[in-house]
Amino acid sequence: MAREGPAVPGRTAGTTGLHRPYADLARRCERRDPELLRHISTADTARDLDLLRRAVGEDRLRYWGISYGTLLGATYANLYPDRVGRLVLDGNVDPRAWVNRGSDAEPERNTFLRLGSDLGSAATLKQFLELCGRAPVSRCPFSAGSPAATRAKYDSLPARLAKRPVGKWTYARAVSEVRGGLYTVHPGWSGTAATLESLWQGRTPAEPLELSGAARYPGFEQSPAVLCAESPNPASPERYPVLEQQAARESGALARWWVWANEPCTAWPARAADPYTGPWNRITAHPVLVINSVYDPSTPYRAGQAMAAELARARLLTLDGYGHTALDNRARV
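Residues numbered from 1 in each chain as written. Predicted model: local features only at pLDDT ≥ 70, side-chain atom pairs only at ≥ 80, totals over all residues. Heavy atoms only, no water.

A. Here's a closer look at the state of the cysteines. Scanning the entire structure with this criterion turns up two disulfides. The partner cysteine of Cys228 in its disulfide is Cys265, sulfur to sulfur 2.0 Å. With the S-S dihedral at roughly -80 degrees, the linkage between Cys228 and Cys265 falls on the left-handed side. Note that Cys228 is positioned in helix α11 (residues 222-230) and Cys265 in the loop between α13 (255-260) and β3 (288-295), a separation of 37 residues in sequence. On the accessibility criterion, Cys265 (7% relative accessible area) is buried. Numbered by position along the chain, the disulfide-linked cysteines of the chain connect as 1-2, 3-4. Here Cys29 is not cross-linked by a disulfide; its sulfur's nearest cysteine counterpart is in Cys228, at 11 Å. On the basis of relative accessibility, which here comes to 15%, the residue Cys29 falls in the buried class. (Disulfide = S-S within 2.5 Å. Helix = DSSP H or I, 4+ residues; strand = E, 2+ residues; numbered from the N terminus. Buried < 20%, exposed > 50% of the residue type's maximum accessible area, 1.4 Å probe, protein only.)

B. Representation of the pattern of salt bridges in the model. For the structure on display, the rule yields 15 salt bridges. Between Arg28 and Asp24 there is a salt bridge, and its shortest N-O distance comes to 2.8 Å. In this pair, Arg28 and Asp24 both sit in helix α1 (residues 16-32), four residues apart, roughly one turn of the helix. Relative accessible area serves as the criterion here: at 51%, Arg28 is assigned to the exposed category. Among the salt bridges present, the one from Arg62 reaches Glu58, with a minimum N-O distance of 3.0 Å. Judged by relative accessible area, which is 58%, Arg62 ranks as exposed. A relative accessible area of 31% means that Glu58 is categorised as partly exposed. (Salt bridge = Lys/Arg side-chain N within 4 Å of Asp/Glu carboxyl O.)

Interpretation note: all reported values are geometric properties and have no functional meaning in isolation.
This is the structure we're talking about:
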């Protein structure tokens, strides 16, 4: 979930550079189709999913949902429990944390902090540095010879980048790239180790190879169109610097990204017309398989436990491993 998104605001530029483009995007989306914005929600998508099921002649839905797709699958399961076939939810969103049901007041924390994404990233990063420190440099370029030394090496790098960027690699970019690099063990962790070592040596890391042809549009509007419309977040931009400092003290520098990723919601103009907020325990025609890694940097293991506990007929498959979703971290040959 949320592999792409806003970077951490620069230490000197403040938050204006992040807020203005997303506020402009929100205004443009509202001008284009204000009514449509109220129906880009998880519940509306689940209803569309049921229309697709019917269109292809299936009696029941067979579905593998990853990351945010687990919330979509859980929503479908509770809107249409008798139409659930083989349902797999992989890398789970805690549905109660997403909807923040039961409180009409503005939430104290943003969506990703409620989901525990900051804690998941911190725990996964700790494992990455532990394993890297045990490995020789030939296998992990950033290794300093031991887990403790590798951790110390990593801890000193952000401060250096905050004072003296390496080319276009600022503190903000390094935080954003390391967080995203933890999602896939192969090849993500190897690339993250190489990037960190290049920055440590003061060299600009190699950029990913450009694909031939036109670049694929990443769809910046997709995430806020759903998340901001149905998952409550603090409304004031002034709240986010406070949350950033609190989260960084609790979970480290990567937590900064998880705070600012929800700041665009302060400018989002729409609220979902008919969201689904529970209950999540309707009896389904078939059991649901819930899968979660112990060290998931985006949807932490506790969210998988929460999803399995919420659903009426679910079994939790625990992966004693790393990375975001089993599907994206399956064995590669």
